[in-house]
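Observations on chain architecture
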Amino acid sequence: MLSPADWSLQPGIHFLNHGSFGATPRFLLEEQRRWQDRLERQPVLFHRDLPELMKTARLALAGYLGCHHDDLVYITNSTYGCNVAMAALRPLLQPGDEVLTTSHEYGACIRALHNHLEGTGAAIRTVNIPMPVPPRAQILQLLRQGITNRTRAVFISHVTSPTAVALPVEELLGELRTAGILSIVDGSHVPGHLPLNLEELGADFYTGNLHKWMCTPKGSAFFYVRRAMQDAVRPLITSWGGDGSGLKESRFVDEHEYLGTRDPSAFLTVPTVLQWMDRNDWHSVVTRCKDMVQETVDALEARHGFQPMHADRADECLLMGAVLLPQHVDVVQAKEDLYNKHNVEVVVHRWLNQPILRFSVFAHTTSVDLEALLNASSTLK
Ligand SMILES: Cc1ncc(COP(=O)(O)O)c(C=O)c1O
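Residues numbered from 1 in each chain as written. Predicted model: local features only at pLDDT ≥ 70, side-chain atom pairs only at ≥ 80, totals over all residues. Heavy atoms only, no water.

**Quick notes on the overall build of the protein chain**
A tally of regular secondary structure across the protein chain gives 14 helices and 13 strands. For the protein chain, the C-alpha radius of gyration of 21 Å lies close to 21 Å, the compact-globule estimate for 381 residues. With the principal axes as the frame, the protein chain shows a C-alpha extent of 65 × 55 × 35 Å. Across the 381 residues that make up the protein chain, the buried fraction comes to 56%. With the model as given, the accessible surface of the protein chain reaches about 15900 Å², and the carbon-plus-sulfur share is 52%. Treating the 34 positive side-chain charges of the protein chain as one cloud and the 42 negative ones as another, the clouds have centres 3 Å apart. (Helix = DSSP H or I, 4+ residues; strand = E, 2+ residues; numbered from the N terminus. Rg over C-alpha atoms; globule rule 2.2 N^0.38 Å. Buried < 20%, exposed > 50% of the residue type's maximum accessible area, 1.4 Å probe, protein only. Areas by Shrake-Rupley, 256 points an atom, 1.4 Å probe, with all protein chains shown as cover. Lys, Arg positive; Asp, Glu negative; His and termini not counted. Charge placed at Lys NZ, Arg CZ, Asp CG, Glu CD.)

See below:
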């Protein structure tokens, strides 16, 4: 049974923001340290063995995520993955084309989309998803309505960061494929959180962080590209990989995994992480945490009158919960007060002019943490 003592989170802080950066259990940090020690003992031999070690790590992850091990590569974070996908999209765009996205995307990735589209003549069309968010079927309908005969690609989060909503990516992607529209899915919050089978999902590009809900050490993420698109995808850094002297898989794998000297230790912990998840019956861990999210959203509404982010409570099945705060709330001050006066670490921010509180529940979260949030948030009314 997992317990807060398995993590090195600061005692006395009610840490309810696993969603932003994840948190790594101590034993995994030790595992990472063992890989680093091995590297430091004999760097040359380590790099000789690295292609095989990386392949083992890729095989394990691909098995978990339902794809071939040559269709995904390890990258440091999903911001990078989104950027690589957008850079690959750029030469495919013509003036007048549109890239569809939503109003709930992660800010850094929207910045990236603007940068990569600059000078192409293509426009970004944003589907506005109101808050509280409508039921899933209605969101799908809004997305469909955003598609025009100029839509060349869709950039969409699988789970949104600012609002903690699972978007109907599963339903949408098949329709996009049929219409010949490319898809870039930001699945930063998905591995370890929602079931994911990349081959069945059928995205052209999909990136996800492992350091969030799989708890791997920081700087571990993956980037999946559908086989037919792989030749068109270049890493943002050109190094040796792919010139025939680097790794020896496909060009896609070689070029993206060998980006010059870097620390691969976080990637190499992945087989161990997957065994740890299995040993702890991950499904039941996640289910228990999701139930705690739902109970807490209910209590925030019942005790303080905060409106849940989801209009349809059946859609609210995530490890992060969000509620809408009253308009008068000064979000910067509120966040500081929750932390400084109540030791509660959560996200309080204004998104599309709506103050929002977002909290996370994970295996290190206790009912005491959630009670502290419930008590402290009476100051936000
Ligand atoms: C939806 C989404 N996209 C992208 C990111 C960026 O993650 P990273 O900083 O690991 O690249 C995040 C991080 O919170 C996110 O929630």
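**A closer look at the domain arrangement of the protein chain**
Domain assignment breaks the protein chain into domain 1 (4–25 + 281–380) and domain 2 (29–276). Just the C-alpha atoms count here: the centres of domain 1 and domain 2 sit 27 Å apart. Carbon and sulfur atoms supply 65% of the area that domain 1 and domain 2 bury against each other, a total of about 2700 Å² over both sides. Our count for the contact surface shared by domain 1 and domain 2 stands at zero salt bridges. Run the count over domain 1 and domain 2 and you get 16 residue pairs in polar contact (both at pLDDT 80 or more). For the side of domain 1 that touches domain 2, the secondary structure elements donating two or more residues are helix 1 (18–21), helix 12 (282–304), strand 9 (307–308), strand 10 (320–324), strand 12 (347–351) and strand 13 (354–360). (Domains from an automatic or database assignment. Buried area = accessible area lost by both parts, 1.4 Å probe. Salt bridge = Lys/Arg side-chain N within 4 Å of Asp/Glu carboxyl O. Polar contact = N/O pair within 3.5 Å; in protein donor to acceptor, adjacent residues only side chain to side chain.)

**Section: the nonpolar core**
One finds Leu 61, Leu 72, Leu 198, Tyr 206, Phe 222, Leu 357 and Phe 359 to be the most contacted residues of the largest nonpolar core, which totals 96 residues. In terms of residue count, the dominant contributor to this core is helix 12 (nine residues). Once residues within four sequence positions are removed from consideration, Phe 359 is found in contact with Leu 16, Val 293, Thr 296, Val 297, Leu 300, Leu 319, Met 320, Gly 321, Ala 322, Val 346, Leu 370 and Leu 373. Within the second largest apolar cluster, 29 residues are counted, among which are Cys 109, Phe 155, Ile 184 and Phe 205. (Core = buried A, V, L, I, M, F, W, Y, C linked by side-chain atoms within 4.5 Å. Contact = heavy atoms within 4.5 Å.)

**Here's the deal with empty space enclosed by the protein**
Applying the stated criterion to the full structure yields two cavities of 30 Å³ or more. Estimates place the volume of the largest cavity at around 100 Å³. Leu 50, Glu 257, Tyr 258, Gly 260 and Arg 262 are, among the 12 residues lining the largest cavity, the residues nearest its centre. Take the lining of the largest cavity: its biggest share by element is three residues, from helix 3 (residues 43–65). Here the lining of the largest cavity is built from residues that sort into seven nonpolar, three polar and two charged. In this structure, the second largest cavity occupies an estimated 30 Å³ of space. In this structure, the second largest cavity is lined by Val 133, Pro 134, Pro 135, Arg 136, Ile 139, Val 165, Ala 166, His 310 and Asp 315. Class assignment for the residues of the lining of the second largest cavity results in six nonpolar, one polar and two charged. (1 Å grid on protein atoms, 1.4 Å probe; cavity = no way out; pocket = protein on both sides within 12 Å on 5 of 7 lines; lining within 4 Å. Points joined across faces, edges and corners; volume = space filled by probe spheres on them. Nonpolar A, V, L, I, M, F, W, Y, C, P; charged D, E, K, R; others polar.)

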